[in-house]
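# Coordinate inspection notes
The primary structure of each chain is shown beneath.
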Amino acid sequence: MSKEKESVLAGFKAFLMRGNVIDLAVAVVIGAAFTNVVNSVVKGIINPVVGAFGTKDLDKYSSCIQSPCETNAAGEVVTGIPIMWGTVLSAVLTFVITAAVVYFLMVLPMARYLARRARQQAAKEEVKEVMEVSELEVLKEIRDALVAQRGGSGQSSS
């Protein structure tokens, strides 16, 4: 293989092995699995609650722009122009639930953790700065004591 091809392959391997690419792949897989959970919550909990006021299937909610709207047994529109606002409502509910779960279970705890970690880091830096200042004071005291022992001149004899 030529050096250029080896360089391209090495670059590609480095790209794949970066943490953020692997994190993104994990996020996509978990997101796909999480979509099934959210869809189940919408179909198993939200839809029955909405069904208490109408039909259980949100996809059945629609309005007709051009009458008459008729569908066949397969649910395909035969005549008219329907607006399927129930499908849109279901998608919006799924999005809101997904966003709420992601925010409250992932984003908010991570933000709190990072803030706490930043406070701890700042406290460590503050302690380190205080220690450096106290060390400097001790060194100044030692210097002053040495100067006093030499007779107060502060200059070395040559």
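Higher on the page you've got the structure.
What counts and what doesn't
- Residues numbered from 1 in each chain as written.
- Predicted model: local features only at pLDDT ≥ 70, side-chain atom pairs only at ≥ 80, totals over all residues.
- Heavy atoms only, no water.
- Helix = DSSP H or I, 4+ residues; strand = E, 2+ residues; numbered from the N terminus.
- Rg over C-alpha atoms; globule rule 2.2 N^0.38 Å.
- Contact = heavy atoms within 4.5 Å.
- Areas by Shrake-Rupley, 256 points an atom, 1.4 Å probe, with all protein chains shown as cover.
- Lys, Arg positive; Asp, Glu negative; His and termini not counted.
- Charge placed at Lys NZ, Arg CZ, Asp CG, Glu CD.
- Phe/Tyr/Trp six-rings, centres within 6.5 Å; stacked < 30°, edge-to-face > 60°.
- Patch = residues over 30% accessible without salt bridge, like charges linked within 9 Å, V, L, I, M, F, W, Y side chains within 5 Å.
- Salt bridge = Lys/Arg side-chain N within 4 Å of Asp/Glu carboxyl O.
- Buried < 20%, exposed > 50% of the residue type's maximum accessible area, 1.4 Å probe, protein only.
- Expected span 1.5 Å × (residues − 1).
- Bend = angle between axes of the 7 residues up to and from the residue.

## Focus: the overall build of the protein chain
- Along the backbone of the protein chain there are three helices and two strands.
- Order of helices (α) and strands (β) in the protein chain, N terminus to C terminus: α-α-β-β-α.
- The C-alpha radius of gyration computed for the protein chain amounts to 34 Å, which surpasses the reference 15 Å derived for 158 residues by more than 25%, pointing to a less compact arrangement than a globule.
- Referenced to the eigenvectors of the C-alpha coordinate spread, the extents of the protein chain come out at roughly 110 × 60 × 25 Å.
- Look at the contacts in the protein chain between residues 6 or more apart in sequence, and 35% of them connect residues 24 or more apart.
- Roughly 12900 Å² of accessible area belongs to the protein chain as shown, and the carbon and sulfur atoms make up 64% of that amount.
- Measuring between centres, the 16 positive side-chain charges of the protein chain sit 4 Å from its 15 negative side-chain charges.

## Some words on the packing of aromatic side chains
- This structure, assessed with the given rule, holds one aromatic pair.
- Seen from their ring centres, Tyr103 and Phe104 are 5.1 Å apart, and the 80 degrees between their planes marks the pair as edge-to-face.

## Some remarks on a negative patch on the surface
- A contiguous patch of negative charge on the surface is contributed by Glu125, Glu126, Glu129, Glu132 and Glu135.
- Residue placement: Glu126 occurs in helix 3 (residues 85-149).

## Thoughts on the pattern of salt bridges
- All told, the structure shown has one salt bridge when counted by the stated rule.
- A salt bridge links Asp144 to Arg143, with the nearest nitrogen and oxygen atoms 3.2 Å apart.
- Here Arg143 falls in the partly exposed class, since its relative accessible area comes to 48%.

## Concerning helix 3
- With 65 residues, helix 3 extends 92 Å between its outermost C-alpha atoms, agreeing within 8% with the 96 Å of an ideal straight helix rising 1.5 Å per residue.
- At Tyr103, helix 3 is deflected by roughly 40 degrees, the largest bend along its length.
- By the burial criterion, the buried members of helix 3 are Gly86, Ser90, Thr94 and Ile97.

## What to know about a nonpolar patch on the surface
- Residues Phe12, Phe15, Leu16, Met17, Ile22, Val26 and Ile30 make up a contiguous nonpolar surface patch of roughly 660 Å² in combined accessible area.
- When residues of the nonpolar patch are traced back to their parent elements, those giving at least two are helix 1 (3-17) and helix 2 (19-51).
- The biggest single contributor to the nonpolar patch is helix 1, with four residues.
- Take Val26: it is sitting in helix 2.

## Focus on the environment of Val96
- With respect to the secondary-structure elements, Val96 resides in helix 3.
- A C-alpha to C-alpha distance of 14 Å links Val96 and Lys43, two positions 53 residues apart in sequence.

Everything listed here is a matter of geometry and, on its own, says nothing about what the molecule does.
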